[in-house]
Amino acid sequence: MAGKNIKTMDGNTAAAHVSYAFTDVAAIYPITPSSSMAEQVDEWAAYGRKNLFGQTVKLVEMQSEAGAAGTVHGSLAVGALTTTYTASQGLLLMIPNMYKMAGELLPAVFHVSARTVATHALSIFGDHSDVMATRQTGFALLASGSVQEVMDLSAVAHLSAIKGRVPFMHFFDGFRTSAEIQKIETIEYDELAELLDWQAVADFKARSMSPNSAFIRGTAQNPDIFFQAREASQPFYDALPGIVSDYMDKIGELTGRQYHLFDYVGAPDAEDVIVAMGSVCDTIEETMENLLTDRKLGLVKVRLYRPFVVEAFLAALPDTVKRICVLDRTKEPGAPGEPLYLDVRSAFFDFADAPMVIGGRYGLGSKDTTPGQIVAVFDNLAAATPKEHFTVGINDDVSMSSLDYDPRLSAEPEGTIMCKFWGLGSDGTVGANKTAIKIIGDYTDQYAQGYFAYDSKKSGGVTISHLRFGHSPIKSPYLITRADYVACHNQSYVHQYDLLKDLKDGGAFMLNARWTVDELEANLPALVKRQLVEKHARFYLIDAYKIARELGLGNYINMIMQAAFFKLANVIPIEDAIKYLREGIDAAYSRKGQAILDMNYAAVDAGVNAFIEVEVPAAWADAQDEPTSREIPAFIEEVLVPMNRQEGDSLPVSIFVDREDGHFPSGTSAYEKRGVAQSVPIWVPEHCTQCNQCAFVCPHSAIRPALLTPEEVAAAPEGFVTIEAKGKGMEGFAYRIQTSPLDCMGCSSCAEVCPTKEKSLIMPEIGWDKAEEANWEYFTTLPVRDKLVSKTTVKGSQFAKPYFEF
């Protein structure tokens, strides 16, 4: 990679780095996934980092997005260059102020990690629905499609806003670009200072509201003059594309990376062209380069979306174009098409020989957009009668809008090493993988990419890390489907997910489990056994939790698993990996003392040496699935089970026809049974005072008291121990505290709150008695007895059925 300032970072960090340089005041209200931009700015200011003006940025956190927008407006009005970071509903709440900022020609810059706006359901994930809701405000809209582009075009946004007096929204795909880690070239502040129009800064401050030069802003105008005054700002919008182009050229001269209002890539004589913006552009470009080399295809990347400069768009197209497909990452119900599609159609409205223009929707709610989908889009475009207003990436068996595609197609260049990690939220897996990316990115000449898929549960939920390494640039903003290395960091996942479906033939599988090799036969599911044989997998086993406990690290297995990864994946020499891991430990923990350092050094050494290779028996090829007799509601079987197995992408539209307004049945969490706790509390009945405080503090209602009649005690499973219930009104009943081992998160709050001197709840080192699963099932059949003790007391309230559980 050319350039002198190579660093490994995510898109949010790239935007924060540039925005800090141009910002006097950052007014913010945190919202996922934009929050880390403001957090970075806040941290840098706290440590005294200087912007281009020799000052630390003043960060102001308000109590709502509307408050943040008002602060941005007011701050700009008094002459402070002001920035904010937002997304989704947060952005929409700023729209009234955006009209004012644009109308008053104030050079605000919003950095938006574009995210879905809640409709039939909340989605915290990414698409362009929030951005599209603001295109009428008068803000200029500038799109980036990769982490490197975020670095470069953030600078274009700030420089152009200051010189052009039009506020900018610089946006990029939430999660996919905002959280993706890439090795990029940074632009340093002294370089940005040379590009800044300092006279424009002085003029902006001179126009600010001040008692020394009083004037009125924000007047009320009547029909006689409002229209004329509104049109008076048009020359600034007419001049803006030229200003943006000029700064794109200057960034190109500085970095060697050239941008235009619309960038074309592909065959110079292409007949079929896709028009898109955002991270999908890299997927399209990579697919054309590696999968569709025998076809004359092209791509127009939209950079400056507002103002939409028709002449520049037409100039970017090859003269040979016959068919155009516009991809929009939003849905606008009731419109004749989505926004970008309509803009492109309008560009040809007076053409006698206009190319055919069709449109399609993709990627809503962070739906992964893969090379297979792009091939389907090009195939549809070349068809005799292309499907119009299509969807891709889903199975729409209701409106029949979807394109068929091959989900297994992948377009990474040869030599790319791909790794996939299944971790538990808060177990350190994601942090460790970010460290791996930075080690390889910062210490080697290899390219590196990291993307981290979370479920909505966050802490305690599943995290799936997707890492790529290679000697060629990585332009693959989609999930891995051909992994060289798969690691499962929580043994319960072997029963919940299809862990090996994306493992290459001959790839490596690392399982962290407390089972011995001899116990694998009884504990590994038949699917995993068959896949290990079918894929000729190299199978490795490690008990990282045992090692972590012995070293005093609790449940933090990240350093152990990271070292094992470096040993097996062979991305860099293991000696170098150990050296860099130790340097990272020094940087992270040196203030915490030598004992902490030694623990982590030992974790690295253990990770390199503690795993064992398991010989896969040929007989596993014929392993049979165990029959299940559990009856569950149709919704759970058809919808929830596939979702929980990370297979929701396969569900067709028809599944949701009776739920088109977004409603779901309640109580579905009771069917998840994740079993992710490393240890589950054991009840010691002889110490129990029956206070029920353990149930009271459990955030998941996974531990509860039961009152049983003698007949119910007699019918209970063996090992369902009870004691005589204490207290007025409970005469003749037996009492038990019961935990659901498959719902418990192992947080130990119940054991910690237990008031008895000799604890009646203890946390074992690891695991749980299998019999407790049957005990819980029996517990759920018992009647609720919530009228024997007042529900206004802690004890009495816990006999009632909880309405929030698991």
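It should be noted that the structure appears before, not after, this text.
As the structure is a prediction and not an experimental result, all values here were calculated from the model. (Residues numbered from 1 in each chain as written. Predicted model: local features only at pLDDT ≥ 70, side-chain atom pairs only at ≥ 80, totals over all residues. Heavy atoms only, no water.)

(A) Region of interest: the overall build of the protein chain. Scanning the protein chain from terminus to terminus reveals 28 helices and 28 strands. Against the globule reference of 28 Å for 806 residues, the protein chain gives a C-alpha radius of gyration of 29 Å, in line with a compact fold. Principal-axis analysis of the C-alpha atoms places the extent of the protein chain at approximately 85 × 65 × 60 Å. Relative to its full complement of 806 residues, the protein chain shows a buried share of 56%. (Helix = DSSP H or I, 4+ residues; strand = E, 2+ residues; numbered from the N terminus. Rg over C-alpha atoms; globule rule 2.2 N^0.38 Å. Buried < 20%, exposed > 50% of the residue type's maximum accessible area, 1.4 Å probe, protein only.)

(B) Region of interest: the packing of helix α7 (residues 147–164) against helix α11 (residues 234–255). Two elements in contact, α7 and α11, have axes separated by 9 Å at closest approach and are oriented at 140°. One element, α7, and the other, α11, form an angle in the oblique class. At the point where α7 passes α11, the crossing takes the right-handed sense. Residues Asp152, Leu153, Ala155, Val156, Leu159, Ser160, Lys163 and Gly164 of α7 pack against Phe236, Leu240, Ile243, Val244, Tyr247, Met248, Ile251 and Thr255 of α11. Of the residues contributing to the contact of α7 with α11, the split by class is eleven nonpolar, three polar and two charged. (Axes fitted to C-alpha atoms, helices over the stretch in contact; angles between N-to-C directions. Parallel < 35°, antiparallel > 145°, perpendicular 65-115°, else oblique. Left-handed = near helix turned anticlockwise from the far one by under 90°. Contact = heavy atoms within 4.5 Å. Nonpolar A, V, L, I, M, F, W, Y, C, P; charged D, E, K, R; others polar.)

(C) Looking closely at the sheet that holds strand β7 (residues 168–173). Spatially, the seven strands line up as an open sheet ordered β3-β2-β4-β5-β7-β6-β12, and their pairing is mixed. The open sheet is flanked by β3 (58–61) and β12 (304–306), the only strands paired with a single partner. Each strand of the sheet is rotated relative to its neighbour by a mean of 25°, with strand direction disregarded. Pairing analysis gives four bridges linking strand β2 (residues 25–28) to β3, with the strands arranged parallel. What sits directly across from Ala26, in β3, is Leu59. (Pairing = 2+ DSSP bridges.)

(D) Fine view of the sheet that holds strand β27 (residues 734–739). What the three strands build is an open sheet, ordered β25-β27-β26; its pairing is antiparallel. Looking along the sheet, the strands with just one partner apiece sit at the ends: β25 (703–708) and β26 (723–724). With six bridges connecting them, β25 and β27 associate as antiparallel partners. If you follow Leu707 over to β27, its bridge partner there is Tyr735. In the packing of helix α27 (residues 771–779) onto the sheet, contacts are made with β25 and β27, and the angle to β27 comes to roughly 120°.

(E) Fine view of unusual backbone geometry. Cis geometry is adopted by the peptide bond preceding Pro33, which originates at Thr32 and carries an omega value of 0°. Tracing the sequence through the fold places Pro33 in the loop between β2 and α2 (35–46). In this model, Arg165 sits at a positive phi of 70°, which is unusual for a non-glycine residue. Considering the arrangement of structural elements, one finds Arg165 in the loop between α7 and β7. One non-glycine residue, His536, adopts positive backbone phi at about 50°. Mapped onto the elements, His536 comes out in the loop between α18 (526–534) and β22 (538–542). Here His536 falls in the exposed class, since its relative accessible area comes to 53%.

(F) Broad picture of the nonpolar core. In terms of nonpolar packing, the biggest core is built from 102 residues, with Phe110, Phe168, Phe313 and Val344 touching the most fellow members. Tallying contributions element by element places α7 first for this core, with ten residues. Those residues in contact with Val344, other than ones at most four positions away along the chain, are Val275, Phe308, Phe313, Ile324, Val326 and Val357. One finds Ile557, Ala577, Tyr580 and Leu597 within the second-largest nonpolar core, a separate group that totals 47 residues. (Core = buried A, V, L, I, M, F, W, Y, C linked by side-chain atoms within 4.5 Å.)

(G) Representation of the packing of aromatic side chains within the structure. Tallying each qualifying case throughout the model produces 25 aromatic pairs. Every member of this aromatic cluster is reached through a ring pair, and the members are Phe262, Tyr305, Phe308, Phe313, Phe348 and Phe351. The side chain of Arg306 reaches across the aromatic face of Tyr305, ending 4.4 Å from its centre. Directly above the ring of Phe452 sits Lys434, whose terminal nitrogen or CZ lies 5.6 Å from the centroid. (Phe/Tyr/Trp six-rings, centres within 6.5 Å; stacked < 30°, edge-to-face > 60°. Lys NZ or Arg CZ within 6 Å of the ring centre and 35° of its normal.)

(H) A look at the layout of surface pockets. In this model, the second largest pocket occupies a volume close to 1,100 Å³. Those elements giving two or more residues to the lining of the second largest pocket turn out to be β1 (6–10), α1 (11–22), α2, α16 (429–443), β18 (447–454), α20 (558–569) and α21 (574–589). If one sorts the elements of the lining of the second largest pocket by residue count, α16 sits on top with ten residues. Class assignment for the residues of the lining of the second largest pocket results in 20 nonpolar, 20 polar and nine charged. (1 Å grid on protein atoms, 1.4 Å probe; cavity = no way out; pocket = protein on both sides within 12 Å on 5 of 7 lines; lining within 4 Å. Points joined across faces, edges and corners; volume = space filled by probe spheres on them.)

(I) Inspection of a nonpolar patch on the surface at higher detail. On the surface, Val78, Met209 and Phe215 cluster together to form a nonpolar patch covering roughly 250 Å² of accessible area. Relative to the helices and strands, Phe215 is located in the loop between α9 (198–206) and α10 (226–231). (Patch = residues over 30% accessible without salt bridge, like charges linked within 9 Å, V, L, I, M, F, W, Y side chains within 5 Å. Areas by Shrake-Rupley, 256 points an atom, 1.4 Å probe, with all protein chains shown as cover. Salt bridge = Lys/Arg side-chain N within 4 Å of Asp/Glu carboxyl O.)

(J) Focus on empty space enclosed by the protein. Across all of its chains, the model carries eight cavities of 30 Å³ or more by this definition. In this structure, the largest cavity spans a volume of roughly 100 Å³. For the largest cavity, the lining is made up of 13 residues, of which Cys698, Cys744, Met745, Cys747 and Cys750 are closest to its centre. For the lining of the largest cavity, the residue count by class is nine nonpolar, four polar and no charged. Estimates place the volume of the second largest cavity at around 80 Å³. As for the second largest cavity, its lining consists of 15 residues, of which Cys688, Cys691, Cys694, Cys754 and Ser760 are closest to the centre. Of all the secondary-structure elements, those providing two or more residues to the lining of the second largest cavity are α24 (693–697) and β27. A class-by-class count of the residues in the lining of the second largest cavity yields ten nonpolar, five polar and no charged.

(K) Structural detail: the environment of Gly675. If you trace the backbone, Gly675 turns up in the loop between α23 (634–644) and β24 (682–683). Judged by its relative accessible area of 6%, Gly675 falls in the buried class. Sequence-wise, Gly675 and Pro741 are 66 residues apart; in three dimensions their C-alpha atoms are separated by 6.4 Å.

(L) Representation of the environment of Tyr497. Among the structural elements, Tyr497 can be located in the loop between β20 (483–488) and β21 (503–512). A relative accessible area of 5% places Tyr497 in the buried class. In this structure, the C-alpha to C-alpha distance between Tyr497 and Trp422, residues 75 residues apart in sequence, is 9.5 Å. Sequence-distant contacts of Tyr497, that is, excluding residues within four places in its chain, are made with Trp422, Val462, Asn644, Arg645 and Gln646.

(M) Looking closely at the packing of helix α3 (residues 65–77) against helix α5 (residues 95–103). Following both chains from N to C, one finds α3 and α5 inclined at 15°, their axes separated by 9 Å at the closest point. In terms of orientation, α3 lies roughly parallel with respect to α5. Considering the relative orientation of α3 and α5, their crossing is left-handed. On α5, the residues touching Ala66, Ala69, Gly70, Val72, His73 and Leu76 of α3 are Asn97, Lys100 and Met101.

(N) Highlighting the environment of Glu253. As for its position among the elements, Glu253 is in helix α11. Note on Glu253: relative accessible area 67%, which makes it exposed. Measuring from C-alpha to C-alpha, the distance between Glu253 and Gln89 comes to 38 Å, with 164 residues separating the pair along the chain.

(O) Quick peek at the pattern of salt bridges. Counted according to the given criterion, the structure contains 36 salt bridges. Lys205 serves as the salt-bridge partner of Asp24, at 3.2 Å between the closest nitrogen and oxygen. On the criterion of sequence distance, the pair formed by Asp24 in the loop between α1 and β2 and Lys205 in helix α9 is long-range, its members being 181 residues apart. On the basis of relative accessible area, Lys205 is assigned to the partly exposed category, the value being 35%. Arg736 serves as the salt-bridge partner of Glu772, at 3.4 Å between the closest nitrogen and oxygen.

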